Amino acid sequence: MHQRSGIHKEKNPHGKKPKIAVIAANPSQSKHLETATMRIDNIDCDFVHLRGGEVYSQDSRIPTLKETATPLDDALRRDFTVNSLFYNLRKKYVEDWTGRGISDLIQDRVLVTPLDARITFHDDPLRVLRAVRFAVRYNLDLCPEIQLAAMSPTVHESLHVKVSRERVGKELEGMLTGKNARPCVALKMITDLKLAGCVFEFPPPHSCWVVRGDLQGVAYGDCAVSQEEQKYAREKSWEEATAMLQHCSLVLYSFEQFACTKNNNNNGEWDGSSTNATATTVDHRLFYLCTFLHPLRNMVCVDSKGKEMSLPAYIVRDSIKFPNRDVAAISTVLKYVDEMRSILQSYGGQTNHQGGNDATMICRLKSGLLLRSLKEHWVTALLVASVAEIQSMGLTSSSSSSSCLESDNKDELQASMIAEKAFRFYQDIQTHNLDHCWKIRPLLDGKAILESLGLPRGPMVGNYLEEQMKWMLLNPKGTRHECETHLREMRKRDLEMAASSVASGSSGSVHPNGGNEKSITESDGKVETTMQQHGKTKRLHLE
């Protein structure tokens, strides 16, 4: 009897002596082997028969097994030689039935299949993704036979037909998180092995979804565009995604090093009231995924009813079956990453003569509104924007981040400066108490605004709630009374302008609340209200 053990989450809640349990075979649930389980020295152990003589069908990765098998049969059916080692409990030594498992693991540090790699991967194509995960996590090389088999269109088709998207997502999750995970290396290997399209799968050709948008200069989804052109565009997008990944380590390392330096200089505190303990941080897992999917951010999927969703959202939801919270987070980051990049480009972050950051270098309104849209994902979006900026400048970065700050490479120095600029923006957000601004409660709720401004019930109040939040972002120390006074003055101007428009017979654009179009903006450090009246723009300074 072959023994394998693993620690499970299940505990014995009553402290009773555990018994041997038998989990029956259930082919309908893809469980073809009976298993016994018990607890030994506080470890849950599973006991299974030796397996071998497997027969695979064309549309399933779950084999039919013969009843009896030898240790050699069981070793040869394993995915890789390093996984085919047995420990003899009685003789207390490792048995290597393939004759190369130990040398592959210890001396050669290479991943090899016991049998022909093409047959092994065709029978169970999930092993292709396991090969990537093992190679990256345990720093093993892929043998040439595995590399060729992994790039085989036949294996790719088997991966699509035989493996559920949930299992694909689970393997990908193992590459992104956990001990010794190296997401950049794993995602690059997926692309190099031509597996990106299998993992991050587009909607199938005959599904209810149609993919549209400009992808690498190709009008994807256009009837005039051939399948070969669309395939070329997809491959180019994965290449761009891989090129962006090379900057991730440098950006993360530089950003975190600047943070550590600032933390040491300031005894753990920022210049503002926010501290490192409460400041928003980057989500590393989402950072890598958003960076890899960045080239697809402007692509949309349209179903038969005309309903749209972004292509990255479809991929995360349907292709890798990640949780809905990941779908929402990645969609949000990629929706606003271009706006974050625009802010980063215009941000100076220079220091003044007193050594502090110039307060006029950060636009409180624009930055605050963006943070309110991104919420806790704004730092992740900031770093993705930094990577996109580095990529757009054609800079090259080393995948190693350990010495990027001391590097003599001009490209890496320039890329590091962009990361420093992102950190200064991050620091300014903390200094000006804009972090967590999405949690700010309005000074006046909808009911209070209705009563104070004498508004009729309806969507009109939403416009004033929005304007109130803009005012609060620009006036962080403002009082309820000051805010109410501002809204009343705004309401008065709206009514006057609406009356003026009616009297002059103007057919110009009228604001839903009764006045003409208006909004609060921030220009050259001054707060102004822009109003569109009779085709002319007037600016009123807010006192």
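Refer to the structure printed above.
The structure reproduced in this document is the subject of the present report.

Rules and cut-offs
- Residues numbered from 1 in each chain as written.
- Predicted model: local features only at pLDDT ≥ 70, side-chain atom pairs only at ≥ 80, totals over all residues.
- Heavy atoms only, no water.
- Salt bridge = Lys/Arg side-chain N within 4 Å of Asp/Glu carboxyl O.
- Helix = DSSP H or I, 4+ residues; strand = E, 2+ residues; numbered from the N terminus.
- Buried < 20%, exposed > 50% of the residue type's maximum accessible area, 1.4 Å probe, protein only.
- Core = buried A, V, L, I, M, F, W, Y, C linked by side-chain atoms within 4.5 Å.
- Contact = heavy atoms within 4.5 Å.
- Pairing = 2+ DSSP bridges.
- Axes fitted to C-alpha atoms, helices over the stretch in contact; angles between N-to-C directions.
- Phe/Tyr/Trp six-rings, centres within 6.5 Å; stacked < 30°, edge-to-face > 60°.
- Lys NZ or Arg CZ within 6 Å of the ring centre and 35° of its normal.

1. Regarding the pattern of salt bridges
Here's step 1: Counting across every chain of the model gives 20 salt bridges.
Here's step 2: Put simply, R100 and D104 hold a salt bridge, and the shortest N to O gap is 2.8 Å.
Here's step 3: Here K236 ties to E239 by a salt bridge, and the two come within 3.6 Å at their closest N and O atoms. Taken together, the residues K236 and E239, both in helix α10 (residues 227-245) and 3 residues apart, mark about one turn of the helix.
Here's step 4: By relative accessible area, K236 is classed as partly exposed at 29%.
Here's step 5: Several salt bridges share partner residues, and in doing so they unite R133, R167 and E171 into one network.

2. Digging into the nonpolar core
Here's step 1: By size, the foremost hydrophobic cluster in this structure holds 116 residues, and its most contacted members are L111, L172, F200 and W378.
Here's step 2: Beyond its immediate stretch of four places on either side in the chain, W378 contacts T280, M340, L371, F425, Y426, I429, Q430, D435 and W438.

3. Here we look at the sheet that holds strand β11 (residues 300-302)
Here's step 1: One open sheet accounts for 4 strands, arranged β10-β9-β11-β12; its pairing is antiparallel. With one partner strand each, in any of the chains shown, β10 (218-220) and β12 (308-310) form the two edges of the open sheet. Neighbour to neighbour, the strand axes of the sheet diverge by 25 degrees on average, direction disregarded.
Here's step 2: Bridging between strand β9 (residues 210-215) and β11 involves 3 bridges; their strand directions are antiparallel. Bridge pairing in β11 links R212 to V300.
Here's step 3: α10 rests against β9 and β10 of the sheet, and its axis sits at about 105 degrees to β10.

4. What to know about the packing of aromatic side chains
Here's step 1: Applying the stated criterion across every chain, the model contains 14 aromatic pairs.
Here's step 2: Centroid distance W238 to F292: 5.6 Å. Interplanar angle 15 degrees. Geometry classified as stacked. With W238 in helix α10 and F292 in helix α12 (residues 284-293), this pair connects stretches of sequence that are 54 residues apart.
Here's step 3: Classification of W238 as buried rests on a relative accessible area of 3%.
Here's step 4: Overall, the relative accessible area of 0% leaves F292 in the buried class.
Here's step 5: Aromatic side chains W378 and Y426 sit 5.5 Å apart centroid to centroid with 25 degrees between the ring planes, which places their arrangement in the stacked category. Residue W378 is found in helix α16 (residues 378-392), and its partner Y426 is found in helix α17 (residues 410-431); the two are separated by 48 residues along the sequence. Side by side, W378 and Y426 carry an identical accessibility label, which is buried.
Here's step 6: Members of the aromatic cluster, connected to one another through ring pairs, are F200, F202, Y220, W238 and F292.
Here's step 7: Geometry around F202 places R234 over its ring, the cationic atom sitting 5.9 Å from the centre.

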